[in-house]
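Reading the structure
Here's the letter readout for the chains.
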Amino acid sequence: MSQLIIETENLNFSYTKERKDIENLELKVPKGSIYGFLGPNGSGKSTTIRLILNLLKKQSGNVTLFGEIFNANTRIKSLSKVGALIENPSLYGHLNALENLKIAVNYRQNIASERIEEVLEIVKLTQAKEKKVKAYSLGMKQRLGLAISLLSNPELLILDEPTNGLDPKGIIEMRTLIKELNEKYGTTIFISSHLLNEIEKVCTHVGIIRDGKMLYQDTVKSLKQSKSKNMIVELEVDSVKKTIASLEKINKKNTVLEDSFLQLEVGSKEEITFLIDLLRSENVNVYQIFIKNNLEELFLSLTEN
Ligand SMILES: Nc1ncnc2c1ncn2[C@@H]1O[C@H](COP(=O)(O)OP(=O)(O)OP(=O)(O)O)[C@@H](O)[C@H]1O
Ligand SMILES: [Mg+2]
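Quick caveat: nothing in here was measured; it's all calculated off a predicted structure. (Residues numbered from 1 in each chain as written. Chains lettered and ligands numbered in written order. Predicted model: local features only at pLDDT ≥ 70, side-chain atom pairs only at ≥ 80, totals over all residues. Heavy atoms only, no water.)

A separate point is the packing of helix H3 (residues 97-107) against helix H4 (residues 114-122). H4 packs onto H3 with a crossing angle of 125 degrees between their chain directions and a minimal axis gap of 10 Å. On the basis of the axis angle, H3 is oblique to H4. As for the relative orientation of H3 and H4, their crossing is right-handed in sense. Of the residues in H4, those touching H3 at Ala97, Leu98, Leu101, Lys102 and Val105 are Ile116, Glu117, Val119 and Leu120. For the contact of H3 with H4, the residue count by class is seven nonpolar, no polar and two charged. (Axes fitted to C-alpha atoms, helices over the stretch in contact; angles between N-to-C directions. Helix = DSSP H or I, 4+ residues; strand = E, 2+ residues; numbered from the N terminus. Parallel < 35°, antiparallel > 145°, perpendicular 65-115°, else oblique. Left-handed = near helix turned anticlockwise from the far one by under 90°. Contact = heavy atoms within 4.5 Å. Nonpolar A, V, L, I, M, F, W, Y, C, P; charged D, E, K, R; others polar.)

Shown next, in the form of structure tokens:
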């Protein structure tokens, strides 16, 4: 098994006596992964991140970072290898990006001033570095926040909902950046989100949390495979009537969605081929077939039970 960059064991946390906000959480984030931490609002994502970063004091369990149990002795060394972007980055609006980065460098130790130009380049803000931050779009501010967290050249980057509030262009830019950081520099990235599609597009691994409990944790590939054992597919055909008649002959249940669309469940991809052959042999034209269930549906099925 590959090395784990973040590992939690039996992590528990409650803000109040009434309930557990994080319950026996076992996170396993492999080195080099882009790990998507998924959950609906209030499920405990930000709380978990605060516990990992020691911004909240855990009540029981262990957090292991880079293979070392996180405690008073390992704290500084471990955190020096972590970059984090949580909530809105605190930026000075009346200053430009360069000046904001200089202040951030002064707050930290052992960062060469040349690193400023490097991180500006990475987040693609070189052109805009002398523009006042109050004139930045939200996406640009978010990227500047990311640049600050990259100053120390972290091995692990923790991002709490980095695409929240961004427009589609900003979301794509952030996604591209995350992938680049992972591919070019081998940075392990832990990213929280409540958007399945987002996670599906960038992540290699996924953990799904609800009510403070981990519901599923695996590779995104396995998640898709385990789900695809029973697939919902949608068909577009020229005749719904003929299609229903053909499907009835083999006792295949289906639902008509609209005009020329039907939905049915299949057990395998081979069954899809079988169905196409069957319909073609009955002179039904099949225009499209889509496999409908993706992570989004898995997410719903996992969170709605
Ligand atoms: N400071 C606090 N005091 C008391 N309860 C809190 C506090 N912060 C969070 N909570 C509660 O803890 C639970 C987990 O919240 P958390 O912010 O970790 O969720 P989240 O998954 O990050 O949600 P979101 O998607 O809205 O950011 C929620 O029920 C929330 O109301
Ligand atoms: Mg949150």
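Now that the structure is up, let's keep going.
Turning our eyes to something else, we now look at H3. Helical geometry: 3.6 residues make up each α-helical turn, so side chains three or four residues apart lie on a common side. Taken residue by residue, H3 has Ala97, Leu98, Asn100, Leu101, Ala104 and Val105 as its buried positions. Down the axis of H3, the buried side of the element spans an arc of 160 degrees, and every buried residue falls inside it. Exposed residues on H3 whose side chains face more than 90 degrees from its buried face are Asn106 and Tyr107. Against the buried residues of H3 lie H4 and helix H5 (138-150). Capping of H3 at its N-terminal end is provided by asparagine 96; its side-chain oxygen lies 3.0 Å from the backbone amide nitrogen of leucine 98. (Buried < 20%, exposed > 50% of the residue type's maximum accessible area, 1.4 Å probe, protein only. Arc of directions from axis to C-beta. Polar contact = N/O pair within 3.5 Å; in protein donor to acceptor, adjacent residues only side chain to side chain.)

In the vicinity of ligand 1, the residues found are Tyr15, Arg19, Asp21, Pro40, Asn41, Gly42, Ser43, Gly44, Lys45, Ser46, Thr47 and Glu161. Serine 46 places a polar side-chain atom, nitrogen or oxygen, 2.8 Å from an oxygen atom of ligand 1. Protein chains shield 60% of the accessible area of ligand 1, which is 640 Å² for the free molecule. Its residues assigned to classes, the shell around ligand 1 shows two nonpolar, six polar and four charged. (Near = heavy atom within 4 Å. Areas by Shrake-Rupley, 256 points an atom, 1.4 Å probe, with all protein chains shown as cover.)

Okay, unusual backbone geometry next. Backbone geometry at asparagine 110 places phi at a positive 60 degrees, although glycine is not the residue there. Relative to the helices and strands, asparagine 110 is located in the loop between H3 and H4. Under the relative-accessibility criterion, asparagine 110 is labelled exposed at 80%. Positive phi is not limited to glycine here, since lysine 124 has a value of about 60 degrees. As for its placement among the helices and strands, lysine 124 is situated in the loop between H4 and H5.

When a protein is soluble and globular, its nonpolar side chains tend to lie buried together. In this structure, Leu101, Leu144, Leu146 and Leu151 are the most contacted members of the largest nonpolar core, which totals 45 residues. The element that contributes the greatest number of residues to this core is H5, accounting for six residues. Among residues more than four places away in sequence, those in contact with leucine 146 are Leu85, Val123, Leu157, Leu159, Met174, Leu177 and Leu181. Counting residues in hydrophobic clusters, the runner-up holds 24 residues, among them Ile6, Leu27, Leu51 and Leu56. (Core = buried A, V, L, I, M, F, W, Y, C linked by side-chain atoms within 4.5 Å.)

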